[in-house]
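Observations on the model geometry
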Amino acid sequence: MAINLYWLQAGGCGGDTMSFLGANSPDLIELFAALEIELLWHPSLSTLSAGAHDELLAGLLQGERALDILVLEGSIICGPASTGMFDTRHGRPKKDIAAALAKQARWVVAAGTCAAFGGISADTPAQATGLQFHKKQPGGLLGKNFRAQSGLPVINLAGCPCHPGVIAGTLTALVAGQALELDEFNRPTDWYGMTVHQGCTRNEYHEYRVEELDFGQRGCLFFHMGCHGPLTDAPCNKLLWNGRSSKTRAGVPCVGCTNPDFPAAAPFFETRNIEGI
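Residues numbered from 1 in each chain as written. Predicted model: local features only at pLDDT ≥ 70, side-chain atom pairs only at ≥ 80, totals over all residues. Heavy atoms only, no water.

**With respect to the pairing of strand S3 (residues 67-73)**
- Along S3, seven of the seven residues are buried, which leaves the element largely enclosed by surrounding structure.
- Relative to strand S7 (residues 105-111), S3 runs parallel, the two being bridged by six bridges. Looking across to S7, one finds that Ile-69 is bridged to Trp-107. (Buried < 20%, exposed > 50% of the residue type's maximum accessible area, 1.4 Å probe, protein only. Helix = DSSP H or I, 4+ residues; strand = E, 2+ residues; numbered from the N terminus. Pairing = 2+ DSSP bridges.)

Structure below.
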């Protein structure tokens, strides 16, 4: 029996979709075919008419059609004044649609830091939040005690954007019935159980305090360039982007995009002194 998946896009960009489209070995089509996933709807990939989509969504919301996997991309917009009317579909707040679909779904996946924690629009007039967290605080739209039909909380695949291998690997594990160990922020430890610093080709430079003051050079970027690598749990130097590289390997500091409080209030490319250290 096919596993169906509905992809809801909320506040923010479509960067996680663009990232997922870059999946290879297998690519997106091969992955869905191998897992027998039926993509019910994706705002950029589906060809359903508006009327057919309305009927589909109504059936899912009313429980007339089973929903296996709900993927949310983008933050939940609660503004203005907690009404959610800044982000609507046919006059209905997206936040209400997301909450109703989550109750029906067997698994709920937050694709990207915005969906997981609120991201770049959190603490703005948009009043953005994540599905089950607001930055580091449990809660978000659904509340800390929310559980999908499977008994699992929202699975947070943080990243700006999330690596396509993480999305593909998570879907594979869910469909195969493999247990996913989650960290304190509901991120799978298979991918978020290590830091960006681990696997970084600049580790030796870090140990010997060979530091750089500009982009693209060879040394460590932690002490002068604001690199968050030792402080960020992410697979960037385990799952290389395009199977080839990562920010730190290319000489660009890690900006900590998988962290719940991303983006940080401090400048990205400066290392702050703490009590003179």
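There is more to say, and it comes next.
**A few points about the environment of Glu-207**
- Relative to the helices and strands, Glu-207 is located in helix H8 (residues 203-207).
- When the C-alpha atoms of Glu-207 and Cys-220 are compared, they prove to be 8.8 Å apart, with 13 residues separating the residues in sequence.

**Comments concerning a nonpolar patch on the surface**
- Side chains of Phe-215, Val-252, Phe-268 and Phe-269 sit close together on the surface and give an oily, nonpolar patch of about 310 Å² of accessible area.
- Under the relative-accessibility criterion, Phe-268 is labelled partly exposed at 31%. (Patch = residues over 30% accessible without salt bridge, like charges linked within 9 Å, V, L, I, M, F, W, Y side chains within 5 Å. Areas by Shrake-Rupley, 256 points an atom, 1.4 Å probe, with all protein chains shown as cover. Salt bridge = Lys/Arg side-chain N within 4 Å of Asp/Glu carboxyl O.)

**Focus: the packing of helix H3 (residues 50-61) against helix H4 (residues 94-104)**
- The N-to-C vectors of H3 and H4 enclose an angle of 60 degrees; their axes lie 9 Å apart at closest approach. Here H3 lies oblique to H4, going by the angle between them. On H4, the residues that touch Leu-57, Leu-60 and Leu-61 of H3 are Ile-97, Ala-100, Leu-101 and Gln-104.
- For the contact of H3 with H4, the per-class residue count stands at six nonpolar, one polar and no charged. (Axes fitted to C-alpha atoms, helices over the stretch in contact; angles between N-to-C directions. Parallel < 35°, antiparallel > 145°, perpendicular 65-115°, else oblique. Contact = heavy atoms within 4.5 Å. Nonpolar A, V, L, I, M, F, W, Y, C, P; charged D, E, K, R; others polar.)

**Comments concerning the sheet that holds strand S11 (residues 155-157)**
- Reading across from one edge, S2-S1-S3-S7-S11 is the order of the five strands in this open sheet, with parallel pairing throughout. Two strands bound the open sheet, and with one partner strand each, they are strand S2 (37-41) and S11. The sheet shows a mean angle of 25 degrees between the axes of neighbouring strands, taken without regard to direction.
- As defined by bridge partners, S7 adjoins S11 across three bridges and the pair is classed as parallel. Within S11, the residue paired with Val-109 across the bridge is Ile-155.
- Seen against the sheet, H4 touches strand S1 (3-9), S3 and S7 and runs at an angle of roughly 135 degrees to S7.

**A short note on the packing of aromatic side chains**
- Scanning the entire structure with this criterion turns up nine aromatic pairs.
- Between the aromatic rings of Phe-262 and Phe-268, the centroid separation amounts to 6.0 Å while the plane-to-plane angle is 15 degrees, which identifies the pairing as stacked.
- When its relative accessible area of 11% is taken as the criterion, Phe-262 is described as buried. (Phe/Tyr/Trp six-rings, centres within 6.5 Å; stacked < 30°, edge-to-face > 60°.)

**A few points about the packing of helix H2 (residues 28-35) against helix H6 (residues 164-176)**
- At a minimum axis distance of 11 Å, the contact between H2 and H6 shows a crossing angle of 10 degrees. Relative to H6, H2 is oriented roughly parallel. Of the residues in H6, those in contact with Leu-31, Phe-32 and Leu-35 of H2 are Ala-168, Leu-171, Thr-172 and Val-175.
- Counted by class, the contact of H2 with H6 contains six nonpolar, one polar and no charged residues.

**Some words on the environment of Gln-127**
- Tracing the backbone shows Gln-127 in the loop between helix H5 (113-117) and strand S8 (128-129).
- For Gln-127, a relative accessible area of 32% puts it in the partly exposed group.
- When sequence neighbours within four positions are dropped, the list of residues in contact with Gln-127 reads Ile-76, Ile-77, Cys-78, Gly-79, Pro-80, Ala-81, Ser-82 and Ser-121.
- A distance of 3.0 Å separates a polar atom in the side chain of Gln-127 from the backbone nitrogen of Ser-82. (Polar contact = N/O pair within 3.5 Å; in protein donor to acceptor, adjacent residues only side chain to side chain.)

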